[in-house]
Amino acid sequence: MTTSHTESDPALRSSPSRPWMRFVLSASLALGPLWASAQTADSVFKTVKVSERAYALVGELTQRSPSNLGNNMTGGFIVADDGVVVIDSGGSKAGAEVIVQAVRAVTNKPIRWVVNSGGQDHRWLGNHHFQQVVGARVVASDAGKHDQQTRTFQQMDMARRNVGERFAGTVAAYPDETFARRYRLPVKGIQIDLIDVGGAHTPADLIVWLPQERIAFAGDIVFHERLLGIQPGLGLKWIDALKLLRDDLRPLIVVPGHGRPGPPERVIPDSLAYLEMLRDGAKKALADGAFDPVEAAAAIDQSAFSHLVNYADTRFRSSNAIRMSEAVFGNPP
């Protein structure tokens with residue numbers, strides 16, 4: 001294992017019942033001669049050691065770009081006795097390559113599995129590299145594969161425009177295996193369960209659950225430090241998914257789909273409170289006589305969440321409020 005710097009997280013250090021986290025910045029391995037000075041694993045991710053086996057790869061909170069290779073998300077990996085499980089394959093071929101670099105800075109064990117935690121581009125557009133170059137098998141929920149197939153053209157086009165020349169060589173490739181509700185990965189030394197929550201940010205979000213360590217890789221079910229984005233028809237389902245994570249699983253550590261990992265009382269509240277605020281605001285507007293979802297959305301004050309990245313972009317706030325209001329108008333209290 002190559003480590004250039006370590007730092008413990010005070011929030012975890014203060015509680016002896018929880019695993020420590022520390023930053024482990026990966027070695028400076030070049031992607032290739034053209035990009036050797038800029039694109040390395042530690043320029044795209046911070047590698048955070050969550051436990052002796054689990055690591056989070058924390059990407060930028062901003063939008064997809066050539067500099068982050070489409071990897072503007074938090075993923076991670078788990079070191080089992082017989083190999084490595086990678087969580088999310090990245091937003092491009094180049095994005096997948098830096099994920100492999102980050103893993104290699106920690107362990108030389110073979111990468112055997114890749115989990116797509118959702119149907120969005122940075123969760124799966126690196127699949128082809130892991131399948132054809134690394135030799136890993138990719139698993140997702142049934143809904144995840146369907147979402148990928150349904151939106152392939154849209155997501156490839158968007159990623160190509162955002163990532164630019166660094167998107168070269170990216171090939172859309174779908175999971176090798178899928179499951180309906182819950183699946184236990186066949187790995188040794190640690191129990192890893194995949195739980196399909198029935199929709200949250202996308203129709204296909206799942207939780208990678210380590211019950212022995214009570215660590216949850218929550219994917220896009222949780223946005224930490226960043227304003228979330230609601231897709232049509234999913235706002236109310238998202239609330240249910242967050243409550244399942246918080247109340248049914250009761251993890252000690254949550255690795256979100258965006259932002260830094262930490263205890264659930266620090267990582268989950270903004271996402272849940274934001275969704276509940278939009279829901280309750282839409283219900284009030286409806287009770288007060290709002291004529292349609294657009295009118296209801298305009299009446300919702302979102303300023304309590306101005307500390308989150310992307311809040312300044314009014315398109316996010318407007319779209320979120322309208323989509324939640326549409327869900328409430330379709331499901332009146």
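As a starting point, this report considers the structure included with it. Since this is a predicted model, take the numbers as computed values, not measurements.

About the cut-offs
Residues numbered from 1 in each chain as written. Predicted model: local features only at pLDDT ≥ 70, side-chain atom pairs only at ≥ 80, totals over all residues. Heavy atoms only, no water. Helix = DSSP H or I, 4+ residues; strand = E, 2+ residues; numbered from the N terminus. Polar contact = N/O pair within 3.5 Å; in protein donor to acceptor, adjacent residues only side chain to side chain. 1 Å grid on protein atoms, 1.4 Å probe; cavity = no way out; pocket = protein on both sides within 12 Å on 5 of 7 lines; lining within 4 Å. Points joined across faces, edges and corners; volume = space filled by probe spheres on them. Nonpolar A, V, L, I, M, F, W, Y, C, P; charged D, E, K, R; others polar. Buried < 20%, exposed > 50% of the residue type's maximum accessible area, 1.4 Å probe, protein only. Contact = heavy atoms within 4.5 Å. Pairing = 2+ DSSP bridges. Axes fitted to C-alpha atoms, helices over the stretch in contact; angles between N-to-C directions. Salt bridge = Lys/Arg side-chain N within 4 Å of Asp/Glu carboxyl O. Parallel < 35°, antiparallel > 145°, perpendicular 65-115°, else oblique. Left-handed = near helix turned anticlockwise from the far one by under 90°. Core = buried A, V, L, I, M, F, W, Y, C linked by side-chain atoms within 4.5 Å. Right-handed = clockwise from strand over helix to strand, strands pointing away.

As for its position among the elements, K49 is in strand β2 (residues 46-49). A polar contact is formed between the side chain of K49 and the side chain of E52, at a distance of 3.3 Å.

This part takes up empty space enclosed by the protein. The final tally for this structure, using the stated rule, is one cavity of 30 Å³ or more. Size it by volume and the largest cavity reaches roughly 30 Å³. The wall of the largest cavity is formed by T74, G75, I87, D88, S117, R123, F217, A218, G219, V255 and P256. Considering every element that reaches the lining of the largest cavity, the biggest residue donor is strand β12 (residues 215-223), with three residues. For the lining of the largest cavity, the class distribution of residues is five nonpolar, four polar and two charged.

Here we take up the side chain of T152. If you trace the backbone, T152 turns up in helix α7 (residues 152-163). Of the residues examined, T152 reaches a relative accessible area of 14% and is grouped as buried. With residues up to four places along the chain from it excluded, the contact list for T152 reads W124, A172 and Y174.

Right, let's get into the sheet that holds strand β10 (residues 193-196). As summarised here, the arrangement of the five strands in space is β9-β10-β11-β12-β13, forming an open sheet in which the pairing is mixed. Edge strands, defined here as strands with exactly one partner in the open sheet, are β9 (182-184) and β13 (253-258). Averaged over all pairs of adjacent strands, the angle between strand axes in this sheet comes to 25°, irrespective of strand direction. Relative to strand β11 (residues 206-210), β10 runs antiparallel, the two being bridged by four bridges. Within β11, the residue paired with D193 across the bridge is W209.

Let's shift gears to the pattern of salt bridges. Per the counting criterion, the structure on display carries 17 salt bridges. Among the salt bridges present, the one from E225 reaches R260, with a minimum N-O distance of 2.4 Å. Here E225 is found in the loop between β12 and α8 (235-249), whereas its partner R260 is found in the loop between β13 and α9 (264-267), with 35 residues between them in sequence. Judged by its relative accessible area of 18%, E225 is buried. Residue R260 is classed as partly exposed on the basis of its relative accessible area of 47%. Notably, a salt bridge pairs K284 with D288, separated by 2.8 Å at the nearest N-O pair. In this structure, K284 and D288 share a single accessibility class: exposed. Connected through shared salt-bridge partners, D88, R123 and D220 make up one network.

Next up on the list: the packing of helix α10 (residues 269-287) against helix α12 (residues 314-330). Following both chains from N to C, one finds α10 and α12 inclined at 60°, their axes separated by 9 Å at the closest point. Between α10 and α12, the angle is such that the two are oblique. As α10 runs across α12, the sense of the crossing is right-handed. Residues Y274, L275, L278, R279, A282, K283 and L286 of α10 form the contact with α12, whose participating residues are R317, N320, A321, M324, S325, V328 and F329. Taken together, the residues of the contact of α10 with α12 sort by class into nine nonpolar, two polar and three charged.

Let us look at the nonpolar core. Counting 35 residues, the largest nonpolar core has I207, I221, V222, W238 and L245 as the members making the most contacts within it. Listing elements by their share of this core, those giving two or more residues are β11, β12, α8, α10 and α12. Excluding residues within four positions of it along the chain, W238 makes contact with G199, A200, H201, D220, I221, F223, L228, G229, I230 and L275. Formed by 26 residues, the second largest nonpolar core is a distinct cluster that contains V48, A56, I87 and I190.

Another point: the pairing of β12. For β12, a buried count of nine out of nine residues is recorded, marking the element as mostly surrounded by other parts of the structure. Here β11 runs beside β12; their pairing, made up of three bridges, is antiparallel. Looking across to β12, one finds that V208 is bridged to F217. If you look at the hairpin formed by β11 and β12, you'll find four residues sitting between the two strands, and R214 has a positive phi there, around 55°. When β12 meets β13, the two strands line up parallel, connected through five bridges. Counted as the bridge partner of F223 is H258 from β13. Once you follow β12 into α8 and on to β13, the crossover reads as right-handed.

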